[in-house]
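Next come the chains, spelled out residue by residue.
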Amino acid sequence: MAASEVDAFANEEKRTLELSGHVGFDSLPDQLVSKASAQGFCFNILCVGETGIGKSTLMNTLFNTTFENEEASHYEQKVELRPHTYELRESNVNLKLTVVHTVGFGDQINKEQSYKPILEYIDAQFEKFLEEELKIKRSLFNYHDTRIHICLYFIAPNGHSLKSLDLVTMKKLDSKVNIIPVIAKADTVSRNELEKLKIKVMSELVSNGVQIYQFPTEDEAVAEINSSMNTLLPFAVIGSVDDVKVGNKMVKGRLYPWGSVEVENEKHCDFVKLREMLLRVNMEDLREQTHARHYELYRRCKLEEMGFKDTGTDSQSFSLQQTYEAKRKEFLVELQHKEEEMRQMFVNKVKETEAELKEKEKELHERFEQLKRMHQEEKKNLEEKRRELEEEMNAFNRRKVAAETLMGQALQGCSQQPFKKDKDKKKLTCQTVSRAGTILFTLDWSHRCSRHAEHR
């Protein structure tokens, strides 16, 4: 091609290609909104507070409905968590709401372990979601996510600071769930006392290192309102499902002899601010924080405990099969070690039992020998007493025979001599008998004296 032709081609107007129509990827957010609206959302609220502090009433006021919830007494033996799930619909958005109440919290005399059932429940929901994720055939699309997204911690307004139970419980929960502290029944204290209580509560939370949920300020659209709301924590709220007449309109509130308290009046309480921050502005952030922060922390710790790890600094990949086999071998070695310890413990226990049995057998044998000697001695003494009795009986029989012989001789002598009178005969007979008795007594006395001398 000649140089002139090249210049002529370069001077020609460039052809521009125009789109035949709208591309349309800017409608992707609308598609996501439509899909999410059709699928529905889930939101789980944990209400922690003492019995009778107004947890159920606030939930009813917050969602403008009446949830079925059985009343709890102040005599519960332990803390129990009762979840209730409700299907709500607003416009064309479906919400599966789960409200979890802590029944019996703070009612026991010993409150040291009151937070444990709450921690166990939160971890149990994380465990269920992790099990679903690790399944071969999982269905997360239809899975009912029960992980707690927000914990509303109810603070009693009857003091000048937080209780020890409140500080301990919130400190244990801050790494597990998003915490928003609220002062319940704010209409029971004056406005000045309420402001002082708010300052005192936040000061104690900061000094004890309790991390509560802070409304996000990264998004410019909500940065200003969230920043202002962070300065109002903890929210002072009032709950009521009753309608009271104020002026010419009916509003939710409470009626007192001195006047009325309106729930949705921002001069009376922070209920409107709580509802706006919790439901209208930051609900999705609460869900994301639960998944990206709290659940990921639990998942990481759990997988590390199971033996899994990420790629090391040497950029070498790892095999799940090798990790599983290594963990299995480690578990088998640990199991064998424990089995050997239990076997050795059993052998030692058997030896100790055998030694105790031998000692008992020895004691029983010694006791038997002692009883045997005592029996022989008693038998010997009885034999001696029996022999003595036999000797006494023989001596007595001899004396008896001698006495009968003497009496017979005396009677025979009397019968040979003639007597003139019976009176003399009787007298002689009595004398003879008396003589025989005297002889018997003398013989018996002499025998006893001789026996006594022998013993001495």
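Structure's up top.
This one's a predicted model, so the numbers in the text were calculated from it and none came from an experiment.

J.: Give me the packing of aromatic side chains: which residues, what numbers.
T.: As enumerated under the stated definition, the model contains ten aromatic pairs in all. Seen in terms of ring centroids, Phe105 and Tyr153 are 6.4 Å apart; in terms of plane orientation they differ by 90 degrees. Their pairing is edge-to-face. Taken as a pair, Phe105 in the loop between strand S3 (93–103) and helix H4 (116–134) and Tyr153 in strand S4 (residues 150–155) lie far apart in primary sequence, 48 residues in all. Since its relative accessible area comes to 1%, Phe105 is described here as buried. Judged by relative accessible area, Tyr153 falls into the buried class, the value being 1%. An aromatic cluster of at least three residues, connected via ring pairs, comprises Phe126, Phe129, Tyr143, Tyr295 and Tyr298.

J.: Could you give an account of the pattern of salt bridges, naming the residues involved and the relevant values?
T.: Taken as a whole and judged by the stated rule, the model has 21 salt bridges. Taking the shortest distance from any N to any O, the salt bridge between Asp123 and Lys176 comes out at 3.0 Å. Of this pair, Asp123 sits in helix H4 while Lys176 sits in the loop between helix H5 (164–173) and strand S5 (179–183); the two residues are 53 residues apart in sequence, bridging distant segments of the chain. Using a relative accessible area of 22% as the deciding quantity, one classes Asp123 as partly exposed. Between Arg386 and Glu383 there is a salt bridge whose closest N-O contact spans 2.8 Å. Taken together, the residues span about one helical turn, with Arg386 and Glu383 both in helix H10 (residues 320–416) at a distance of three residues. Arg386 gets classed as partly exposed once you look at its relative accessible area, which sits at 43%. Each of the salt bridges in this network shares a partner with another, and the network as a whole consists of Lys198, Glu266, Asp270 and Lys273.

J.: Before we move on, can you summarise the nonpolar core with the specific residues and values?
T.: Residues Met59, Leu152, Ile180 and Phe235 are the most contacted members of the largest nonpolar core, which totals 74 residues. The element that contributes the greatest number of residues to this core is H4, accounting for seven residues. Here Phe235 is in contact with Ile180, Pro181, Val182, Ile183, Phe215, Met229, Asp270, Lys273, Leu274 and Met277, once residues within four sequence places are set aside.

J.: Tell me about unusual backbone geometry, and name the residues and values.
T.: Geometrically, the link from Leu233 to Pro234 is a cis peptide bond, its omega value of -5 degrees lying close to zero. With respect to the helices, strands and loops of the structure, Pro234 is situated in the loop between helix H7 (220–230) and strand S6 (235–236). Of note, Asn64 is a non-glycine position whose phi angle comes to about 55 degrees, a positive value. Summarising the element assignment, Asn64 is placed in the loop between helix H3 (55–62) and strand S2 (80–90). For Asn64, a relative accessible area of 62% puts it in the exposed group. Residue Lys185 is not a glycine yet carries a positive backbone phi of 50 degrees. Counting through the fold element by element, Lys185 comes out in the loop between S5 and helix H6 (191–207).

The rules behind the values
Once a new chain begins, its residue numbering starts again from 1 and follows that chain's sequence as written. Restriction of local features to residues with pLDDT of at least 70 applies here, the model being predicted, together with a cutoff of 80 or more for giving and counting side-chain atom pairs; totals for whole chains, interfaces and linings are based on all residues. Heavy atoms throughout the structure, all of them, feed into the side-chain values; hydrogens and water do not. Pairs were defined over the aromatic rings of Phe, Tyr and Trp, the Trp ring being its six-membered one, requiring ring centres within 6.5 Å. Orientation was assigned from the angle between planes: stacked under 30 degrees, edge-to-face over 60, tilted for the rest. Each helix corresponds to a stretch of at least 4 residues labelled H or I by DSSP, and each strand to a stretch of at least 2 residues labelled E; elements are numbered beginning at the N terminus. Only protein chains enter the accessibility calculation, which uses a 1.4 Å probe. A residue is then buried if its area is under 20% of the maximum for its type, exposed if over 50%, and partly exposed in between. Just to be clear on terms, a salt bridge is a Lys or Arg side-chain nitrogen sitting within 4 Å of an Asp or Glu carboxyl oxygen. For this analysis, a nonpolar core means a set of buried residues of the types Ala, Val, Leu, Ile, Met, Phe, Trp, Tyr and Cys, connected via side-chain atoms within 4.5 Å. In what follows, a contact means two residues having at least one pair of non-hydrogen atoms within 4.5 Å.

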